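Working through the structure, step by step
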Amino acid sequence: MTGNTYTLEFSGENINAVKHSYSPSAILISALCYSISVSISTSIYALIIASFLPFKLIFEKKIFFHNLSKLNLINIFMIITLSLTWPEIKSGFLMGILIAVRINMIYIAFTAVIYPLGTSGMYNALCGLGVPEKMRVLIILTLRGIYIMYERLEAALISVKLRTSNLHGIMKLRVFAYLTASVLLQSSIRSENIMRSVKCKGGFNGFNQYENKGITAADTAFIFIFILYSLSIIIINYA
């Protein structure tokens, strides 16, 4: 949360923090293909085929079960809501289960594959895909803003726990609402400062960033394999 907030410059350590056998562009395209195929799948057989990748990632300990606990708490609330608001409780419950399964699969894939790329890896992936410079910078600034909001909210919650650890009931909800509003307001001010920084540096052309646009034959083969995997899921779903 220093001056780096207002720049897209990343240190060499950050760029090389996560080593991959394939380029960020290949990883991003593959993850997106898989996510699209999962998001349109409703057949149990298609979801079984799609579950191979998440189970592989969990087995390789790239993501742990405790990381899914908070996500599935939200899924439980969603399932209950659908069950009560659907024309039929059973149909709503089954639809909620289906959505929860798909959310878990996509979450595991993105958390284990896309998140380790980091901000610099995502920027390189967008460069490799030929995304216009202005769009690339906007996406990176959005990601940076999300990280800032998360850090501020986490720091505020830790501060509250240290100061008043005995909050209960409605007072706890009020404090959380106040912290959320405060973080949103501070993030809005920080976003305006980032925009001023962009203008002071000469607009979107004022940023210098490491770019790697090369996609090797290995990357092409990796993408092709994932496209086949995604197509198999879609074909099984509609067979």
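All right, on to the overall build of the protein chain then. Of regular secondary structure, the protein chain possesses 10 helices and zero strands. When the helices and strands of the protein chain are read in sequence order from the N terminus, they spell out α-α-α-α-α-α-α-α-α-α. When each of the 239 residues of the protein chain is scored for burial, the buried share is 36%. Carbon and sulfur atoms make up 69% of the accessible area of the protein chain, which amounts to about 14,900 Å² in all.

A word on the confidence of the model for the protein chain. Looking at the protein chain, the pLDDT average stands at 78 and 83% of residues meet or exceed 70. Per-element averaging of pLDDT across the protein chain places helix H1 (residues 12-15) at the bottom with 38 and helix H3 (residues 44-50) at the top with 92. Segment residues 1-18 is flagged for pLDDT under 50; beyond a separation of four residues in sequence, or across chains, it makes 34 contacts in the model.

Its location among the elements puts Ser51 in the loop between H3 and helix H4 (52-59). Excluding residues that lie within four positions of it along the chain, Ser51 makes contacts with Met105 and Tyr229.

The interhelical angle for the contact between helix H5 (residues 69-85) and helix H6 (residues 89-114), taken along N-to-C directions, is 155°, at an axis separation of 7 Å. With respect to H6, the axis of H5 lies roughly antiparallel. Where H5 crosses over H6, the two elements pack in a sense that is right-handed. Contacts between H5 and H6 involve Leu71, Asn72, Asn75, Met78, Ile79, Leu82 and Ser83 from the former and Ile89, Gly92, Phe93, Met95, Gly96, Ile97, Ile99, Ala100, Ile103, Asn104 and Tyr107 from the latter.

What follows covers helix H7 (residues 118-128). Burial within H7 is extensive, with 10 of its 11 residues counted as buried. Listing the buried residues of H7 in full gives Thr119, Ser120, Gly121, Met122, Tyr123, Asn124, Ala125, Leu126, Cys127 and Gly128. Just downstream of H7 lies Gly130, where phi reads positive at about 75°.

Now for a nonpolar patch on the surface. Taken together, the side chains of Ile44, Tyr45, Ile48, Phe52 and Ile236 present a nonpolar region at the surface, about 520 Å² in accessible area. With three residues, H3 is the largest single contributor of residues to the nonpolar patch. On the basis of relative accessible area, Tyr45 is assigned to the exposed category, the value being 58%.

Looking now at the packing of aromatic side chains. Applying the stated criterion across every chain yields a total of three aromatic pairs. Centre to centre, the rings of Tyr34 and Tyr229 are 6.0 Å apart; their planes meet at 15°, and the pair counts as stacked. In this pair, Tyr34 is assigned in helix H2 (residues 24-39) and Tyr229 in helix H10 (residues 217-238), connecting sequence segments 195 residues apart. Residues Tyr34 and Tyr229 agree in their burial class; the two are buried.

The next thing to look at is the side chain of Ser230. Along the chain, the position of Ser230 falls in helix H10. Relative accessible area serves as the criterion here: at 5%, Ser230 is assigned to the buried category. Ignoring any residue separated from it by four or fewer positions in sequence, one finds Ser230 in contact with Cys33, Tyr34 and Ser37.

Now for the nonpolar core. Within soluble globular proteins, side chains that are nonpolar tend to cluster in buried spots. If you look at the biggest cluster of nonpolar residues, it comprises 20 residues, and the most contacted ones within it are Tyr34, Ala50, Leu53, Met105 and Ile233. At the level of elements, H2, H3, H4, H6 and H10 are the ones that each hand at least two residues to this core. Leave out the neighbours within four places in its chain, and Ile233 touches Tyr34, Ser37, Ser41, Ala46, Ile49 and Ala50. Residues Ile114, Met122, Tyr123 and Ala125 belong to the second largest nonpolar core, which totals 12 residues.

Definitions and limits used
Residues numbered from 1 in each chain as written. Predicted model: local features only at pLDDT ≥ 70, side-chain atom pairs only at ≥ 80, totals over all residues. Heavy atoms only, no water. Helix = DSSP H or I, 4+ residues; strand = E, 2+ residues; numbered from the N terminus. Buried < 20%, exposed > 50% of the residue type's maximum accessible area, 1.4 Å probe, protein only. Areas by Shrake-Rupley, 256 points an atom, 1.4 Å probe, with all protein chains shown as cover. pLDDT = per-residue confidence, 0-100. Contact = heavy atoms within 4.5 Å. Axes fitted to C-alpha atoms, helices over the stretch in contact; angles between N-to-C directions. Parallel < 35°, antiparallel > 145°, perpendicular 65-115°, else oblique. Left-handed = near helix turned anticlockwise from the far one by under 90°. Patch = residues over 30% accessible without salt bridge, like charges linked within 9 Å, V, L, I, M, F, W, Y side chains within 5 Å. Salt bridge = Lys/Arg side-chain N within 4 Å of Asp/Glu carboxyl O. Phe/Tyr/Trp six-rings, centres within 6.5 Å; stacked < 30°, edge-to-face > 60°. Core = buried A, V, L, I, M, F, W, Y, C linked by side-chain atoms within 4.5 Å.

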